[in-house]
Amino acid sequence: MSAPWTRRARRAAAVLAALAGWQLLAEFRVNLWLRFGQFPTVTETAGEFVRRLGTATYWQDVIDSLTRIVSGFALAAVLGVAVGTAVARSPLASDLLDPLLEVLRPIPAIALVPVAILLFPSNEQGIVFITFAAAFFPVTVSTRHAVRAVPPVWEEAVLTMGGGRWRVLRSVVLPGALPGILGGLSVGIGVSWICVISAEMISGEYGVGYRTWQDYTVVDYPGVFVGMATIGLLGRLTATVVELTGRRLVRWLPDREGGRAPKRRLPRTEEGRATAERGVAPGAEGGPEASAAGQERPRAGLATLGGRT
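In short, a report on the structure. These figures come from a predicted structure and were not determined experimentally.

Let's shift gears to the overall build of the protein. When helices and strands are counted, the protein shows 12 helices and zero strands. The burial tally for the protein puts 32% of its 309 residues in the buried class. The long-range fraction of contacts in the protein, counting pairs at least 24 apart against all pairs at least 6 apart in sequence, stands at 65%.

This is how it looks when you write it as C-alpha cells:
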C-alpha cells in the first residue's frame, strides 16, 4: 500500500507533466493531426491569470457563477431527494411522477434554454432553472434506486420494535440510502457546472462562461484558457465540498480510501492491554484457561442433573 506522500507526489507529477507537454507543444507551434499553432503557452496563460486576479470584473464573474450554482444545486438536492424517496416508497407517487420523469430525463438541460427564456422574466432566473434541471434528475434517479435497494429486513426490525412509518424513514431508509444519494449529488454538481457555463455563454450577461465566450469572440486566447482554468478550479472546489460533506454524513461506513478499514481503538488500561494481547476480554480472570473451565462447568452440571433423574 502506497504512503500518502507517495500518492500526492504521483498526482503532482502527473499535473506537472501535463503542463510541461502543453508548454512544449504550444511554444514550438506543433501542427500535426492536432494543431497547437494558436495555443497560448502555459506562461502566457499564467501571466494573464495573475493579471485578472487583480481586477474586480474577474471576481464578480466568479461570484455570479457560484451564486447560480449554489442556488440551483441546493434546490435540486432538496427536491431531488424528496421526489426520489416519494417515488420509491409510494405507489401513488410512482404512478403520477415516474412517467413524467422518464419523459423529461433524456432532454439535455441546456436544451431548456429557450424554455427558460420564455418562462422566466430575467436571464438570471432562467440560468438558475437550467442549473436546477441539470442536477435534479441525477439526484432523483440515484435516490430512487438507493431507497429501493434498502433491505426490507431493516424496516421490519424497526416496525417490530414499535416504530412508525416516519421513524422507519428517518432512522432506516434515508441513512441506508445515503451512500447512493451522495453519488447522485456528486454527479449532479458536475453536470450543473457544464450547464451553467453553457447557459451563461448563450444567454448570460455576467459569469465565467459569459466572459470566456467574450474572450473567444475578440480572439483573446489566453483569456479563454484563464476562463477554462477558473471553471476547472471552481468545479473542483464545489465537488470537494460535496464530497467532504458526504464523508461526514456517512462517517459510520468503513474507510474505503486505499482499502483501509477504520482502526480499532485499543484498551487504554494496563489490564486491558495485557488481556487484549492474550485474546481475553478486559476484566476476565484466568486467561484462556479460565474461559475453557467456564465452558466445562455447565456440562458437568447437566451430567449431575441427568444422574439424579
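Structure shown, so let's carry the discussion forward.
Orientation of helix H7 (residues 152-160) relative to helix H8 (residues 165-203), taken along the N-to-C sense of each, is 155 degrees, at an axis distance of 10 Å. Regarding the angle of H7 to H8, the classification is roughly antiparallel. Judged by the sense of rotation from one axis to the other, the crossing of H7 with H8 is right-handed. In contact with Trp154, Glu155, Val158 and Leu159 of H7, H8 contributes Arg167, Val168, Val172, Val173 and Gly176. In terms of residue class, the contact of H7 with H8 is made up of six nonpolar, one polar and two charged.

Inspection of the secondary structure puts threonine 212 in helix H9 (residues 208-217). Residue threonine 212 is classed as buried on the basis of its relative accessible area, which comes to 6%. When near neighbours in sequence (up to four residues on either side) are disregarded, threonine 212 contacts Met201, Val224, Gly227 and Ile231.

Looking now at a positive patch on the surface. There is a patch of like positive charges on the surface, built from Arg8, Arg10, Arg11 and Arg236. Residue contributions to the positive patch peak at three residues, all from helix H1 (residues 4-27). One can find arginine 236 in helix H10 (residues 221-249).

Moving on, we get to the nonpolar core. Ranked by internal contacts, the top residues of the largest apolar core, which has 47 residues, are Ile130, Phe136, Leu185 and Trp193. Per-element accounting of this core gives the leading share, 14 residues, to H8. Every residue in contact with isoleucine 130, bar those within four places of it in the chain, is listed here: Ala109, Val113, Ala116, Cys195 and Ala199.

If you walk through the whole model with that rule in mind, you get 12 salt bridges. Arginine 51 is the salt-bridge partner of glutamate 48, the closest N and O atoms lying 2.7 Å from each other. Here glutamate 48 pairs with arginine 51, and both are found in helix H2 (residues 42-53), just three residues apart, close to one helical turn. One salt bridge in this structure joins arginine 68 and glutamate 200, with 2.7 Å as the shortest N-O distance. Residue arginine 68 is found in helix H3 (residues 56-89), and its partner glutamate 200 is found in helix H8; the two are separated by 132 residues along the sequence. For the pair formed by arginine 68 and glutamate 200, the shared burial category is buried.

As a further point, take the packing of H3 against helix H6 (residues 123-148). Their axes nearest at 6 Å, the elements H3 and H6 cross at an angle of 35 degrees. Handedness of the crossing formed by H3 with H6: right-handed. Its residues assigned to classes, the contact of H3 with H6 comprises 17 nonpolar, eight polar and five charged.

Turning to the packing of aromatic side chains, a few remarks are in order. Scanning the model with the defined rule gives nine aromatic pairs in all. Members of the aromatic cluster, joined through ring pairs, are Trp22, Phe36, Phe39 and Phe225.

A surface patch of nonpolar side chains, about 660 Å² in accessible area, is lined by Leu92, Leu96, Leu97, Leu100, Val103, Leu104 and Ile107. Considering the arrangement of structural elements, one finds leucine 92 in helix H4 (residues 91-104).

Glancing now at unusual backbone geometry. Within the chain, arginine 29 stands out as a residue other than glycine whose phi angle is a positive 50 degrees. Within the secondary structure, arginine 29 is located in the loop between H1 and H2. Classification of arginine 29 by relative accessible area gives partly exposed; the value is 41%. Phi at valine 219 takes a positive value of approximately 60 degrees, unusual for a residue other than glycine. Looking at the element boundaries, valine 219 is found in the loop between H9 and H10. What makes valine 219 exposed here is its relative accessible area of 53%.

Another aspect to go through is H9. What H9 keeps buried is the set Val208, Gly209, Thr212 and Asp215. Relative to the axis of H9, the buried residues are bounded by an arc of 125 degrees and lie together on one face. Buried residues along H9 sit in contact with H2, H3, H8 and H10. A positive backbone phi angle near 60 degrees is found at valine 219, which sits one or two residues after H9.

With respect to the helices, strands and loops of the structure, serine 192 is situated in helix H8. Classification of serine 192 as buried rests on a relative accessible area of 0%. Setting aside residues no more than four positions away along its own chain, serine 192 makes contact with Ile69, Phe73, Thr131, Ala134 and Ala135.

Thresholds applied
Residues numbered from 1 in each chain as written. Predicted model: local features only at pLDDT ≥ 70, side-chain atom pairs only at ≥ 80, totals over all residues. Heavy atoms only, no water. Helix = DSSP H or I, 4+ residues; strand = E, 2+ residues; numbered from the N terminus. Buried < 20%, exposed > 50% of the residue type's maximum accessible area, 1.4 Å probe, protein only. Contact = heavy atoms within 4.5 Å. Axes fitted to C-alpha atoms, helices over the stretch in contact; angles between N-to-C directions. Parallel < 35°, antiparallel > 145°, perpendicular 65-115°, else oblique. Left-handed = near helix turned anticlockwise from the far one by under 90°. Nonpolar A, V, L, I, M, F, W, Y, C, P; charged D, E, K, R; others polar. Patch = residues over 30% accessible without salt bridge, like charges linked within 9 Å, V, L, I, M, F, W, Y side chains within 5 Å. Areas by Shrake-Rupley, 256 points an atom, 1.4 Å probe, with all protein chains shown as cover. Salt bridge = Lys/Arg side-chain N within 4 Å of Asp/Glu carboxyl O. Lys, Arg positive; Asp, Glu negative; His and termini not counted. Charge placed at Lys NZ, Arg CZ, Asp CG, Glu CD. Core = buried A, V, L, I, M, F, W, Y, C linked by side-chain atoms within 4.5 Å. Phe/Tyr/Trp six-rings, centres within 6.5 Å; stacked < 30°, edge-to-face > 60°. Arc of directions from axis to C-beta.

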